Amino acid sequence: MRQQRVQFLVLSILILIIEMSYAQYKKTDWEERDTWMNVPEIFKLAEVEQGNAVADVGCHEGYFTMHLAQKVGESGKVYAVDVREDRIEKLNKYIKDRKLRNIKTVVGDYDNPKLPNEALDVVVVMDTYHEMDDYMKILDHIKNALKQGGRIVIIEKFKKHMLNTSRAEQTEAHTLSLKYVKKELQKAGFLITKEIKDFGKWKNETDKTIWILVGTKNK
């Protein structure tokens, strides 16, 4: 019996740690997240405007999706993509509660975000790119979904202690440096138009620096 109690305690602690690590994605933490993530500046960098058709790839429960929906307005369109149906279900509920009509949710595949061809002005991939195993295939899908001159915006956090490590080591630690992604965007045929190496600290944690790359579809 004591061993069972110990096992239960250990399991409970592990669950708590996991929940805390993903707290920034839950709706209850959105307001706090606004204090350290400069969304208006991201919109400026991405050149998101009213009436745009945009996508949030790796939308989780919809934090950035909701910001995008407000920014593009009723004349715009937001495609919110995630591979997990439970996240999309929660987002659908938030959309219904807020009576929003400019968001379309999509359950994507791990190698395909299932976006419409040549229809989008901007695709944002926030804190998700490091999770993608078939990243070159996904970049190709995103490129096909963008209009000529459309933009991909990659936003990631880099953990300082992973400096000078391989790409595989970094993604295993749920982080990724700008240098790897820059080469991959260029290989996929994007022109790098903006490169922000320090966009602040993720959750105000000094070890985690936010970086941003903007790539433009130029062919």
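What counts and how
Along each chain, numbering runs from 1 in the same order as the chain's sequence is written. Local features in this predicted model are restricted to residues whose pLDDT is 70 or higher, and side-chain atom pairs enter the listing and the counts only when it is 80 or higher, whereas totals over whole chains, interfaces and linings include all residues. Hydrogen atoms and water are omitted, and side-chain values are computed over all heavy atoms in the structure. Each helix corresponds to a stretch of at least 4 residues labelled H or I by DSSP, and each strand to a stretch of at least 2 residues labelled E; elements are numbered beginning at the N terminus. The contact definition used throughout considers only heavy atoms, calling two residues in contact when any of these lie within 4.5 Å. Ring geometry is summarised as follows: Phe, Tyr and Trp rings, the Trp one being its six-membered ring, pair when their centres sit within 6.5 Å, and such pairs are stacked at plane angles under 30 degrees, edge-to-face over 60 and tilted between the two. Partly exposed residues are those whose accessible area sits between 20% and 50% of the maximum for their type, while under 20% is buried and over 50% is exposed, using a 1.4 Å probe and protein chains only. Criterion for a charge above a ring: Arg CZ or Lys NZ at most 6 Å from the ring centre, at most 35 degrees from the ring normal. For two strands to be treated as a pair, DSSP must find at least two bridges joining them. Note on geometry: axes are lines fitted to C-alpha atoms, helical ones only across the stretch in contact, with angles between N-to-C directions running from 0 to 180 degrees.

Moving on: the side chain of Asp 121. Structurally, the position occupied by Asp 121 is in strand β4 (residues 120-126). When sequence neighbours within four positions are dropped, the list of residues in contact with Asp 121 reads Asn 52, Ala 53, Leu 146, Lys 147, Gly 150 and Arg 151.

Our focus in this paragraph is the packing of aromatic side chains. For any pair of aromatic rings, the description rests on two quantities: the centre-to-centre distance and the angle between the ring planes. In the structure shown here, the tally under the stated rule is 5 aromatic pairs. Relative to Tyr 135, the ring of Tyr 129 has its centre 6.0 Å away and its plane inclined at 50°; by these criteria the two rings are tilted. According to the relative accessible area criterion, Tyr 129 is buried, its value standing at 1%. It is Lys 157 that lies over the ring of Trp 202; its NZ or CZ is 4.9 Å from the centre. When the ring centre of Tyr 135 is taken as reference, the NZ or CZ atom of Arg 167 above it lies at 3.8 Å.

Further remarks concern the sheet that holds strand β5 (residues 146-159). Spatially, the 7 strands line up as an open sheet ordered β3-β2-β1-β4-β5-β7-β6, and their pairing is mixed. The two strands at the open ends of the sheet, each matched to only one other strand, are β3 (103-107) and β6 (190-196). Going across the sheet, the axis of each strand differs from the next one's by a mean of 20°, ignoring polarity. Relative to strand β7 (residues 208-217), β5 runs antiparallel, the two being bridged by 9 bridges. Opposite Ile 152, over in β7, you have Gly 215 as the bridge partner. Taken strand by strand, helix α6 (residues 135-145) contacts β4, β5, β6 and β7, and its axis lies near 140° from that of β5.

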